[in-house]
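Here is what each chain is made of, one letter per residue.
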Amino acid sequence: MHIVLLKFGPNRSQAAQWMAGHKEWIEKGISDGVFLLAGSLENAQGGALLAVKLCKAEVIALVEEDPFVKHQVVEPEIISVAPSLMTMGLAEFMG
């Protein structure tokens with residue numbers, strides 16, 4: 001499981017220009033079952049994703065495809081987590 005933080009970067013002012021592609025990228029990740037959730041960080045600092053079913057190298061490659069990352073609207077940080085306890089039902093989403 002990977003927590004992907006997308007914190008605004010040097011080209012934040014260009015967000016509107018790349019928003020449609022960024023949303024399509026997120027929607028594809030959700031429809032592929034890779035992203036379990038996506039949302040905004042508090043205080044308008046960027047966004048976050050919860051990614052599953054991929055190794056860290058695959059998540060890094062996927063994140064690099066995000067138009068926001070490509071155009072430095074956001075700077076990604078990927079935090080990998082190895083769950084030792086989880087709620088019932090979550091394991092089926094982990095892949």
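Residues numbered from 1 in each chain as written. Predicted model: local features only at pLDDT ≥ 70, side-chain atom pairs only at ≥ 80, totals over all residues. Heavy atoms only, no water.

Lay out the nonpolar core in plain terms, naming residues and giving numbers.
Core analysis: the biggest nonpolar cluster contains 17 residues, and Val 4, Leu 6, Trp 25, Phe 35, Leu 49 and Val 63 have the highest contact counts within it. Contributions of two or more residues to this core are made by strand S1 (2-8), helix H1 (15-31), strand S3 (46-51), helix H2 (56-63), helix H3 (67-70) and strand S4 (74-80). Leave out the neighbours within four places in its chain, and Phe 35 touches Trp 25, Ile 26, Gly 29, Ile 30, Leu 49, Leu 50, Ala 51 and Leu 62. (Core = buried A, V, L, I, M, F, W, Y, C linked by side-chain atoms within 4.5 Å. Buried < 20%, exposed > 50% of the residue type's maximum accessible area, 1.4 Å probe, protein only. Helix = DSSP H or I, 4+ residues; strand = E, 2+ residues; numbered from the N terminus. Contact = heavy atoms within 4.5 Å.)

Outline the side chain of His 2, listing residues and values.
By the element assignment, His 2 lies in strand S1. For His 2, a relative accessible area of 6% gives the class buried. A polar atom in the side chain of His 2 sits 2.8 Å from the side chain of Ser 80. Every residue in contact with His 2, bar those within four places of it in the chain, is listed here: Leu 49, Leu 50, Ala 51, Leu 54, Cys 55, Lys 56, Val 59, Ile 78, Ile 79 and Ser 80. (Polar contact = N/O pair within 3.5 Å; in protein donor to acceptor, adjacent residues only side chain to side chain.)

A description of the pattern of salt bridges should follow, citing residues and the corresponding values.
If the charged atoms of two oppositely charged side chains come close together, the side chains can form a pair. For the structure on display, the rule yields one salt bridge. Between Lys 28 and Asp 32 there is a salt bridge, with the nearest N and O atoms lying 2.7 Å from each other. The exposed category is assigned to Lys 28, whose relative accessible area is 51%. Its relative accessible area of 44% is what places Asp 32 among the partly exposed residues. (Salt bridge = Lys/Arg side-chain N within 4 Å of Asp/Glu carboxyl O.)

Residue-level account of a nonpolar patch on the surface, with values.
The grouping of Ile 3, Ile 79 and Val 81 at the surface amounts to a nonpolar patch, some 190 Å² of accessible area in total. For Ile 79, the location among the structural elements is in strand S4. Classification of Ile 79 as partly exposed rests on a relative accessible area of 34%. (Patch = residues over 30% accessible without salt bridge, like charges linked within 9 Å, V, L, I, M, F, W, Y side chains within 5 Å. Areas by Shrake-Rupley, 256 points an atom, 1.4 Å probe, with all protein chains shown as cover.)

Go over the sheet that holds strand S2 (residues 35-40), please, and point to the residues and values.
The sheet built from four strands is open, its strands ordered S2-S3-S1-S4 with antiparallel pairing. Each of the sheet's edge strands pairs with one partner strand only, and the pair in question is S2 and S4. For this sheet the average axis-to-axis angle between neighbouring strands, irrespective of direction, equals 15 degrees. Two strands pair when backbone bridges link them, and S1 and S3 are joined in this way by six bridges, in the antiparallel orientation. Paired with Leu 5 across the strands is Ala 48, a residue of S3. The sheet contacts of H1 involve S1, S2 and S3, and relative to S2 the element is tilted by about 150 degrees. On the sheet, H2 packs against S1, S2, S3 and S4 and is oriented at approximately 165 degrees with respect to S4. (Pairing = 2+ DSSP bridges. Axes fitted to C-alpha atoms, helices over the stretch in contact; angles between N-to-C directions.)

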